[in-house]
Amino acid sequence: MKPTSQFPLARPRRNRKADWARRLVRETELCVNDLILPLIVHDGDGGAQPIASMPGISRHSFLGAIEQAKIAADLGIPMLAIFPHIDANKKDAEGREALNEKGLVPTLVAQIKAQVPNIGIMCDVALDPYTDHGHDGLIDENGYMLNDETVNILVKQALIQAQAGCDVIAPSDMCDGRIGLIRRELEAAGFHNTQIMAYAAKFASAFYGPYRDAIGSQGALKGDKKTYQMDPQNSDEALVEVALDIEEGADMLLVKPGMPYLDILRRIKDEFGRPTFAFQVSGEYAMLEAAIQNGWLDGARVRMEALQCFKRAGADGIISYWALEAAKELGRK
Ligand code: PBG
């Protein structure tokens with residue numbers, strides 16, 4: 001469509017002249033059904049632990065997390081995503097605690113399913129909360145993350161989550177072939193309807209810094225994650241990753257981080273037309289929230305605008321640390 005030069009016949013501002021007119025021509029709209037609430041949960045005693053690099057966000061206790069799930073469900077938020085903070089003395093090089101059927105995540109999933117039936121639960125599949133080196137899987141003597149050996153463990157981790165009642169398995173590791181192997185295992189075990197949200201286009205980003213604080217892997221992380229997460233300067237490669245994940249049985253796709261990668265989101269949505277989600281990650285939250293708390297940005301407006309832009313860029317939903325605030329703001333639609 002060519003822009004017209006027929007001024008004053010054409011005046012685009014006519015459609016913006018009043019609130020009702022703007023609402024009428026609005027192309028996309030954020031609603032509470034688009035929100036996924038991330039919950040960081042610790043396995044220690046005591047209550048919530050504030051996370052310094054994520055002002056306003058805490059690690060919840062086990063019981064606190066169940067409370068949060070209830071609040072989210074009452075607000076109409078369709079799903080939450082669980083991220084564990086595991087005590088350092090339960091961490092080892094192989095991340096064995098990830099396969100503990102009585103561990104924090106499976107126990108919590110079962111409890112939330114029992115007490116808060118009308119909210120979906122998504123679980124991260126990766127070993128970084130459980131490894132003493134902070135990588136998402138097993139590493140060799142050079143610090144290189146082993147692919148096939150890691151995937152074998154992730155398949156088991158995913159199955160344990162599904163058995164606990166997890167609705168959506170979300171592998172966040174970027175190993176090759178993991179979606180297909182997890183899907184086959186779930187099918188073989190009778191979990192035909194367990195969905196997989198593949199972290200399909202996940203970039204090796206500095207915007208995850210605060211999250212690594214939150215789950216306690218920051219100080220421990222040796223090296224970086226560039227041999228498995230994508231180069232932030234690539235775009236075509238994201239389409240390859242997504243195509244593979246769809247072939248391997250992913251039901252939903254995730255782009256991560258969010259705001260610096262809206263172009264990737266748009267390309268994936270246009271190319272594949274599948275349910276596509278964005279993760280507004282910890283660093284995005286931290287930078288905006290810090291400016292809001294300093295009085296440099298208008299919080300209510302910035303939060304909404306940042307989330308609405310994901311919809312415009314093609315997202316079906318957004319994982320956001322602001323999900324509760326946004327849901328309150330939006331009300332049920
Ligand atoms: C780990 C994982 C990360 C996040 C979610 N799952 C960090 C990483 O890959 O190092 C980031 C979430 C956030 O920054 O909010 N596999």
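To continue, consider the overall build of the protein. A tally of regular secondary structure across the protein gives eleven helices and ten strands. Along the three orthogonal principal directions, the C-alpha set of the protein runs to about 70 × 40 × 40 Å. The buried share of the protein, taken over its 333 residues, is 55%. Of the contacts made within the protein by residues no fewer than 6 positions apart, 77% connect residues no fewer than 24 positions apart. Roughly 15,500 Å² of accessible area belongs to the protein as shown, and the carbon and sulfur atoms make up 50% of that amount.

Read around the barrel, eight strands follow the order β1-β4-β5-β6-β7-β8-β9-β10 and close on themselves; strand pairing throughout is parallel. The mean angle between the axes of side-by-side strands here comes to 25°, regardless of whether they run parallel or antiparallel. The pairing of strand β8 (residues 252-256) with strand β9 (residues 276-280) spans three bridges and is classified as parallel. Within β9, the position partnered with L254 by the bridge is F277. Across the sheet, helix α5 (residues 178-188) lies against β5 (120-125), β6 (168-171) and β7 (195-202), angled at about 175° from β7, the strand it touches most. Taken strand by strand, helix α8 (residues 262-272) contacts β7, β8 and β9, and its axis lies near 170° from that of β9.

Looking at where L39 falls in the secondary structure, it is placed in strand β1 (residues 35-42). Overall, L39 belongs to the buried group, its relative accessible area being 2%. Taking the C-alpha atoms as reference points, L39 and A200, 161 residues apart in sequence, are found 21 Å from one another. With near-sequence residues (within four places) excluded, L39 lies in contact with H60, A65, Q68, A69, L80, A81, I82 and F83.

Criteria and thresholds
- Residues numbered from 1 in each chain as written.
- Predicted model: local features only at pLDDT ≥ 70, side-chain atom pairs only at ≥ 80, totals over all residues.
- Heavy atoms only, no water.
- Helix = DSSP H or I, 4+ residues; strand = E, 2+ residues; numbered from the N terminus.
- Buried < 20%, exposed > 50% of the residue type's maximum accessible area, 1.4 Å probe, protein only.
- Contact = heavy atoms within 4.5 Å.
- Areas by Shrake-Rupley, 256 points an atom, 1.4 Å probe, with all protein chains shown as cover.
- Pairing = 2+ DSSP bridges.
- Axes fitted to C-alpha atoms, helices over the stretch in contact; angles between N-to-C directions.

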